[in-house]
Amino acid sequence: MTRALLALLVRDLTLAARVGGSGALSLVFFLMIVVLVPFALGPDLNLLSRIGPAILWLAAVLATLIGLDRLFQADEEDGSLDLMTGAPVPLEGVVLAKVLAHWLTTGLPLALVSPLFGLLLALDGTAMLATALTLLVGTPALTFVGAVGAALTASIRRGGLILAVLVLPLMIPTLIFGVSASEAASSGTVPFATPLMILGALSLIAAVIGTFAAAAALRWSE
Amino acid sequence: MVGVVEDAILRATPALLLHRTLGYFRRTMWNRIAHPGHFMRWTGPLMPWLAGLSALLLGIGLYLTWFVVPPDYQQGETVRIMYIHVPAAWLGVFFYGSMAFSAIGTLVWRHPLADVAQRAAAPIGAAFTIICLVTGSLWGKPMWGTYWVWDARLTSMLVLFLIYCGIIALWRTIEDPNRAARAIAILTLVGAVNLPIIKFSVNWWSTLHQPASILRMGGSSIDPSMLYPLLLMILAFTLLGVTLHLYGMRTEILRRRVRALTIREAERLDARPASTGSLPVGQAVQGF
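The structure presented is a predicted model; accordingly, all values stated were derived computationally and were not measured. (Residues numbered from 1 in each chain as written. Chains lettered and ligands numbered in written order. Predicted model: local features only at pLDDT ≥ 70, side-chain atom pairs only at ≥ 80, totals over all residues. Heavy atoms only, no water.)

**Student:** Help me understand the overall build of chain B in this model?
**Tutor:** Looking only at helices and strands, chain B has nine helices and zero strands in total. Reading chain B from its N terminus to its C terminus gives the helix and strand order α-α-α-α-α-α-α-α-α. Looking at chain B as a whole, 41% of its 288 residues are labelled buried. (Helix = DSSP H or I, 4+ residues; strand = E, 2+ residues; numbered from the N terminus. Buried < 20%, exposed > 50% of the residue type's maximum accessible area, 1.4 Å probe, protein only.)

Listed below in structure tokens is the structure:
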């Protein structure tokens, strides 16, 4: 079973790397939002460094949505999802492998390049590292919550917009704790560890709920 | 002897008791009441009475609100908004709870009425939530000097409204009612699990961002001259909500019957393109 799921993970990673993966695209989108914000707010570096973590987190939330609608839809369209449903591995495992592959190609690169984009927003070293760390801990929650929406809208044509409407309200807790953890690192009114640990807890909860709910949605959507 | 005691303990386990009670409830009452056909029959004569009673209670409640209730010593006449605001907030939350309950009915028991109930509840709950938000913001303008404050309670209600919107949108997107019902049930349950988390994190966020300075309702205790009209309004609103919900469920059942009949008719026309025979309506649809 582990081998089958590993094979699925490798397959999805290969697909993401070769067939116009959405990973690179969501990175570009991430950069795009970070670039747009100073144009809207003005190039005041003090202001930007103060709200920098918030901008990075907001950009991460929006960039997570990119490619999420294709997470199960592509497999639904060419029939491989039916094969996976009928395979002798639990559908929850399939969902876990696919979501993990999706996070490895979108969430993880996002967290890794965020210090670089933090430079554009005049973040200092601690804030940059803190934001990257919170993104690393928090983006799995975003992806798993998004996976539920992706599974629910897998068979809907043009499901991208409705997917955003469905999952964005559920991402609010992650956004709150992600931003407050990043800000706690630089301002220091709240200990950094508390919101970070809650963020980790949110990711774990989302992993459990997301996996089972997405599998249920896929199973029952036929 | 020990075996008997253990057996008795096992039998008294709350989960088992709950299971038995639910099982009994389901086998006897529910099957009789909740079959769509039966449902239509027993709610039909009930509806005018329910509608009349809620109109009466709402009339009395509104009369009390407008003419009898004394103005608040701090808030003045604006306190009357509360008699709409609080019941609407209660119903906004109440209908989400009933939707979560129906969602379990859809997924666990595959109950044909559960998803009808759920579908009818969503727009009503969303409407009451928006009434709560609008009345709250109308009250906030004279009292707080602004229509909107990013306070924890307001924000949670707004998020609840957004989740309602998502659920309604998904209903409208998936065409097949059975598939839509299961998708919505999963979404509703995920939302139900998330709502306490959202509530908790919004509380954290609001205490982090702004101290609660303006937000203190008149006093901690409410005078009986205001409390009883408020309770009456809550009762009237609940009755109104239940009436609307039952009407919504009846409409939904009829809509599905029409849908089933249309599909039948299309299939019949497809099978016999040249004939002009009439559709055997009586046996066309079982259940719906």
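**Student:** Looking at this structure, how should I read the pattern of salt bridges?
**Tutor:** A side chain with one charge can pair with a side chain of the opposite charge if their charged atoms come near. Residues and elements named next belong to chain B. All told, the structure shown has ten salt bridges over all chains when counted by the stated rule. A salt bridge links R119 to E252; its shortest N-O distance comes to 3.6 Å. Highlighted residues: R119 in helix α6 (residues 112–144) and E252 in helix α9 (residues 224–271), separated in sequence by 133 residues. Among the residues examined, R119 registers a relative accessible area of 23% and is labelled partly exposed. Exposure remark for E252: the relative accessible area of 3% places this residue in the buried category. Note that R255 and E252 form a salt bridge whose closest N and O atoms lie 2.6 Å from each other. Of this pair, R255 and E252 are both found in helix α9, three residues apart, which corresponds to roughly one turn of the helix. (Salt bridge = Lys/Arg side-chain N within 4 Å of Asp/Glu carboxyl O.)

**Student:** How should the interface of chain A and chain B be read in this particular structure?
**Tutor:** A common way to report how large an interface is uses the accessible area buried once the components associate. Facing the 28 residues of chain A at the interface are 28 residues of chain B. Summed over the three residues of chain A that lose the most area to chain B, namely L152, L170 and W220 of chain A, the buried surface amounts to 26% of that side. Where chain A touches chain B, the interface holds zero salt bridges. With ten residues, the single largest contributor to the side of chain A that touches chain B is helix α11 (residues 193–220) of chain A. (Contact = heavy atoms within 4.5 Å. Buried area = accessible area lost by both parts, 1.4 Å probe.)

**Student:** Explain the nonpolar core to me, please; I cannot follow it from the model alone.
**Tutor:** Residues F72 and L152 of chain A together with I167 and L170 of chain B are the most contacted members of the largest nonpolar core, which totals 129 residues. The element best represented in this core is helix α8 (residues 177–209) of chain B, accounting for 14 residues. Apart from the residues within four sequence positions on either side, F72 of chain A is in contact with L81, V95, K98, V99, A147, A150, A151, A154 and L218 of chain A. (Core = buried A, V, L, I, M, F, W, Y, C linked by side-chain atoms within 4.5 Å.)

**Student:** Would you take a moment to explain the UniProt feature "transmembrane region" (unreviewed entry) in chain B for this structure?
**Tutor:** Residue and element names in this part refer to chain B. With numbering matched to this structure, UniProt assigns "transmembrane region" (unreviewed entry) to residues 49–69, 89–109, 121–140, 152–171, 183–206 and 226–247. Helix and strand shares over residues 89–109 are 95% and 0% respectively, and the end C-alpha atoms of the span are 30 Å apart. In the segment residues 152–171, helix accounts for 100% and strand for 0%; the C-alpha atoms at its two ends are 29 Å apart. (UniProt positions renumbered as here; feature names shortened; annotations may be inferred.)

**Student:** I tried to follow helix α6 (residues 91–105) of chain A on my own but got confused; where do I start?
**Tutor:** In an α-helix, one turn spans 3.6 residues; hence positions three or four apart end up facing the same way. All names here are of chain A. If you check α6, its first and last C-alpha atoms are 21 Å apart, about what 15 residues at 1.5 Å a residue would give, namely 21 Å. Judged by how many residues are buried, α6 sits mostly within the fold: twelve of 15 residues are covered. Along α6, the residues classified as buried are L91, E92, G93, V94, V95, A97, K98, V99, A101, H102, W103 and T105. (Expected span 1.5 Å × (residues − 1).)

**Student:** Even after reading the chapter, I still don't get the side chain of Q118 of chain B, so can you show me in this structure?
**Tutor:** Residues and elements named next belong to chain B. Tracing the chain through its elements places Q118 in helix α6. Judged by its relative accessible area of 0%, Q118 falls in the buried class. The contact partners of Q118, leaving out residues within four places of it in the chain, are M99, S102, A103, T106, W171, A181, I184, A185 and T188.

**Student:** Would you mind going over the confidence of the model for chain B with me for this structure?
**Tutor:** Detailed reading of the predicted coordinates is not advisable wherever pLDDT is low. All names here are of chain B. Per-residue confidence for chain B gives a mean pLDDT of 76; residues scoring 70 or more make up 74%. Segment residues 211–220 is flagged for pLDDT under 50; beyond a separation of four residues in sequence, or across chains, it makes seven contacts in the model. Below pLDDT 50 for its whole length, residues 277–288 participates in 19 contacts with residues either more than four positions away or in separate chains. ipTM for the predicted complex: 0.81, alongside a pTM of 0.79. (pLDDT = per-residue confidence, 0-100.)

**Student:** For this particular structure, what's the right way to read the environment of G79 of chain A?
**Tutor:** One can find G79 of chain A in the loop between α4 (70–77) and α5 (80–86). Remark: the alpha-carbon pair of G79 of chain A and G107 of chain A, spanning 28 residues in sequence, is separated by 27 Å.

**Student:** How do you make sense of the side chain of T106 of chain B when you look at a structure like this?
**Tutor:** Residue and element names in this part refer to chain B. Here T106 is to be found in helix α5 (residues 82–108). Residue classification places T106 among the buried positions, given a relative accessible area of 6%. The contacts of T106, once residues within four sequence positions are left out, are H111, A114, D115, Q118, A181, R182 and A185.

**Student:** What exactly am I supposed to notice about the UniProt feature "transmembrane region" (unreviewed entry) in chain A here?
**Tutor:** Residues and elements named next belong to chain A. Per the UniProt annotation, the sites labelled "transmembrane region" (unreviewed entry) are residues 26–42, 54–72, 100–123, 130–154, 160–180 and 192–218. The span residues 100–123 is 83% helical and 0% strand by assignment, and the distance between its end C-alpha atoms comes to 30 Å. For residues 130–154, helix accounts for 92% and strand for 0%, while the C-alpha atoms at its two ends are 35 Å apart.

**Student:** Help me out: how do you make sense of the packing of aromatic side chains in this one?
**Tutor:** Centre-to-centre distance and the angle between the planes together describe a pair of aromatic rings. Considering all chains together, one arrives at seven aromatic pairs over all chains under this definition. Ring centres 5.9 Å apart and planes at 25° place the aromatic pair F177 of chain A and F200 of chain B in the stacked group. On the criterion of chain membership, the pair formed by F177 of chain A in helix α10 (residues 172–187) and F200 of chain B in helix α8 is interchain, its members lying in two chains. For F177 of chain A, a relative accessible area of 1% corresponds to the buried category. Residues F128 of chain B and F237 of chain B carry aromatic rings whose centres are separated by 5.9 Å and whose planes lie at 55° to one another, so their mutual orientation is tilted. Here the residue F128 of chain B occupies a position in helix α6, and F237 of chain B occupies one in helix α9, the gap between them amounting to 109 residues. (Phe/Tyr/Trp six-rings, centres within 6.5 Å; stacked < 30°, edge-to-face > 60°.)

**Student:** Sorry if this is basic, but what is going on with the packing of α6 of chain A against helix α7 (residues 107–120) of chain A here?
**Tutor:** Axis angle and axis distance: for two packed helices, these are the angle between their axes and the distance between the axes, and together they describe the pair. All names here are of chain A. Look at α6 against α7: their axes get within 3 Å of each other, and the N-to-C directions meet at 25°. Relative to α7, α6 is oriented roughly parallel. Between α6 and α7, the contacting residues are H102, W103, L104 and T105 on the first element and G107, L108 and P109 on the second. Class assignment for the residues of the contact of α6 with α7 results in four nonpolar, three polar and no charged. (Axes fitted to C-alpha atoms, helices over the stretch in contact; angles between N-to-C directions. Parallel < 35°, antiparallel > 145°, perpendicular 65-115°, else oblique. Nonpolar A, V, L, I, M, F, W, Y, C, P; charged D, E, K, R; others polar.)

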